[in-house]
Amino acid sequence: GRAIAPFDLDIHANEIVGFAGLLGSGRTEAARLLCGADQSDSGALEIRGERTPLKNPLAALKKGIAYSTEDRKKDGIVGDLSVRENIALALQASRGSFKPIPRKELDEIVDRFMNAMNIQPRNPNALIKNLSGGNQQKVLLARWLATDPSLLLLDEPTRGIDVGAKAEIQKLVAELAAEGRSVVYISSELEEVMRLCHKICVMRDREMIATLDNGPGVTQSTVLETIASAARDENPGGSND
């Protein structure tokens, strides 16, 4: 079956766009299209008004699009590497393997992000597998931020981490947008999407059914009602049993 129905989406600087919907609604599929992890059958991706086909996430990274996946174990942390090495991975990939990052530059970058994100312990040589889940997640975010992306795609960035780390990551995302970046924020926690995002793309059955501008009149109920009314439109007068 199709991965996701065609959709139009404009993402601006200073903006956090949330993808909301139930599990299996197509939130991750939408993000994968935006970073070249999957290819679309039709349509085009434009960056600053220019058509930019992305063959894979590395090509996207070189264009300033960073994608932090929800599968931290498989696609994220490399347990036997140090915090410093984990942070360096994406930056090194974007520059190419033949141009090692000078140690002084890397140490400055690592030090800056460990401080900014309050990564504990404050030891760049610590093996990442020995850090708590919240700190591992902050290291992953630091990895993508080190590439200085214009668009950051975050899939479930706070899943399974403690409340304190979750609040720190949410605050950081808000600051990134305020600095002029664009963020796509995917979370199965609707409350989190409502709190952080300026715009909410509502997904259902692998289709983007609505884009809502977040504001005082928009609540979790608004989003749930949007999903429910789409279901009714698909199945008018159908029984609920």
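Refer to the structure presented above.
Here the structure is a predicted model, which is why all the values come from computation and not from measurement.

1. Description of the overall build of the protein
Here is step 1 of the chain: When helices and strands are tallied, the protein shows 9 helices and 8 strands.
Here is step 2 of the chain: The globule rule puts the C-alpha radius of gyration for 241 residues at 18 Å, and the 19 Å found for the protein is close to it.
Here is step 3 of the chain: Oriented by its inertia axes, the alpha-carbon framework of the protein measures out at about 65 × 40 × 30 Å.
Here is step 4 of the chain: Among the 241 residues that make up the protein, the fraction classed as buried is 46%.

2. Thoughts on the pattern of salt bridges
One side chain can pair with another of opposite charge once the charged atoms of both are near each other.
Here is step 1 of the chain: Tallied over the entire structure, the rule returns 17 salt bridges.
Here is step 2 of the chain: A salt bridge links Arg 103 to Asp 107; its shortest N-O distance comes to 3.2 Å. Remark: Asp 107 and Arg 103 occur in helix 5 (residues 103–116); sequence separation between them is 4 residues, near one turn of the helix.
Here is step 3 of the chain: Since its relative accessible area comes to 29%, Asp 107 is described here as partly exposed.
Here is step 4 of the chain: When the shortest N-O distance is used, the salt bridge between Lys 166 and Glu 189 registers 2.7 Å.

3. Structural notes on helix 1 (residues 27–34)
In an α-helix there are 3.6 residues to a turn, and that puts residues three or four apart on one side.
Here is step 1 of the chain: Among the 8 residues of helix 1, 6 are classified as buried, and the element is accordingly described as predominantly covered.
Here is step 2 of the chain: Tucked into the core, helix 1 has its buried residues touching strand 1 (15–20), strand 4 (65–68), strand 5 (151–155), strand 6 (182–186) and strand 7 (199–204).
Here is step 3 of the chain: Where helix 1 ends, the next residue or the one after it, Gly 36, has phi of about 80 degrees, a positive value.

4. Focus: the pairing of strand 7
Here is step 1 of the chain: Across the 6 residues that make up strand 7, a large majority, 6, are buried.
Here is step 2 of the chain: Here strand 7 shows no split at all, with Lys 199, Cys 201 and Met 203 on one side and Ile 200, Val 202 and Arg 204 on the other all buried.
Here is step 3 of the chain: As judged from the 4 bridges shared by strand 1 and strand 7, these two strands associate in the parallel manner. Bridged to Gly 18 within strand 7 is Ile 200.
Here is step 4 of the chain: Hairpin remark: strand 7 followed by strand 8 (residues 207–213), antiparallel, with 2 residues in the connecting loop; positive phi at Asp 205, about 50 degrees.

5. Digging into the pairing of strand 4
Here is step 1 of the chain: Of the two faces of strand 4, the one carrying Ile 65 and Tyr 67 and the one carrying Ala 66 and Ser 68 are both buried.
Here is step 2 of the chain: Where strand 4 and strand 5 come together, 4 bridges link them in parallel fashion. Looking at strand 5, one finds that Tyr 67 is bridged to Leu 153.

6. Observations concerning the sheet that holds strand 4
Here is step 1 of the chain: An order of 4-5-6-1-7-8 is seen for the 6 strands of this open sheet, with the pairing classed as mixed. Sheet topology places strand 4 and strand 8 at the edges, where each strand pairs with a single neighbour. Direction aside, the axes of adjacent strands within the sheet are offset by 15 degrees on average.
Here is step 2 of the chain: Strands strand 1, strand 4, strand 5, strand 6 and strand 7 of the sheet are contacted by helix 1, whose axis makes an angle of about 135 degrees with strand 1.
Here is step 3 of the chain: Packed onto the sheet, helix 9 (residues 220–234) meets strand 1, strand 7 and strand 8 and runs at close to 35 degrees relative to strand 7.

7. Thoughts on the packing of helix 4 (residues 83–95) against helix 5
Here is step 1 of the chain: Closest axis-to-axis distance for the helix 4/helix 5 pair is 10 Å, and the angle between their directions is 120 degrees. The angle between helix 4 and helix 5 falls in the class oblique. For the crossing formed where helix 4 meets helix 5, the hand is right-handed. Where helix 4 abuts helix 5, its residues Val 83, Arg 84, Ile 87, Ala 88, Leu 91 and Arg 95 lie against Arg 103, Glu 105, Leu 106, Asp 107, Ile 109, Val 110 and Met 114.
Here is step 2 of the chain: When the residues that make up the contact of helix 4 with helix 5 are grouped by side-chain class, the tally is 8 nonpolar, no polar and 5 charged.

8. Quick word on the environment of Lys 129
Here is step 1 of the chain: Structurally, Lys 129 can be placed in the loop between helix 5 and helix 6 (133–145).
Here is step 2 of the chain: Note: C-alpha distance between Lys 129 and Ala 230 (101 residues apart in sequence) is 43 Å.
Here is step 3 of the chain: Once residues within four sequence positions are removed from consideration, Lys 129 is found in contact with Gly 79, Asp 80 and Gln 136.
Here is step 4 of the chain: Side-chain polar atoms of Lys 129 contact the side chain of Asp 80, separated by 2.6 Å.

9. A closer look at the environment of Val 193
Here is step 1 of the chain: With respect to the secondary-structure elements, Val 193 resides in helix 8 (residues 190–196).
Here is step 2 of the chain: Sequence separation between Val 193 and Asn 123 is 70 residues; the distance between their C-alpha atoms is 32 Å.

Rules used throughout
Residues numbered from 1 in each chain as written. Predicted model: local features only at pLDDT ≥ 70, side-chain atom pairs only at ≥ 80, totals over all residues. Heavy atoms only, no water. Helix = DSSP H or I, 4+ residues; strand = E, 2+ residues; numbered from the N terminus. Rg over C-alpha atoms; globule rule 2.2 N^0.38 Å. Buried < 20%, exposed > 50% of the residue type's maximum accessible area, 1.4 Å probe, protein only. Salt bridge = Lys/Arg side-chain N within 4 Å of Asp/Glu carboxyl O. Contact = heavy atoms within 4.5 Å. Pairing = 2+ DSSP bridges. Axes fitted to C-alpha atoms, helices over the stretch in contact; angles between N-to-C directions. Parallel < 35°, antiparallel > 145°, perpendicular 65-115°, else oblique. Left-handed = near helix turned anticlockwise from the far one by under 90°. Nonpolar A, V, L, I, M, F, W, Y, C, P; charged D, E, K, R; others polar. Polar contact = N/O pair within 3.5 Å; in protein donor to acceptor, adjacent residues only side chain to side chain.

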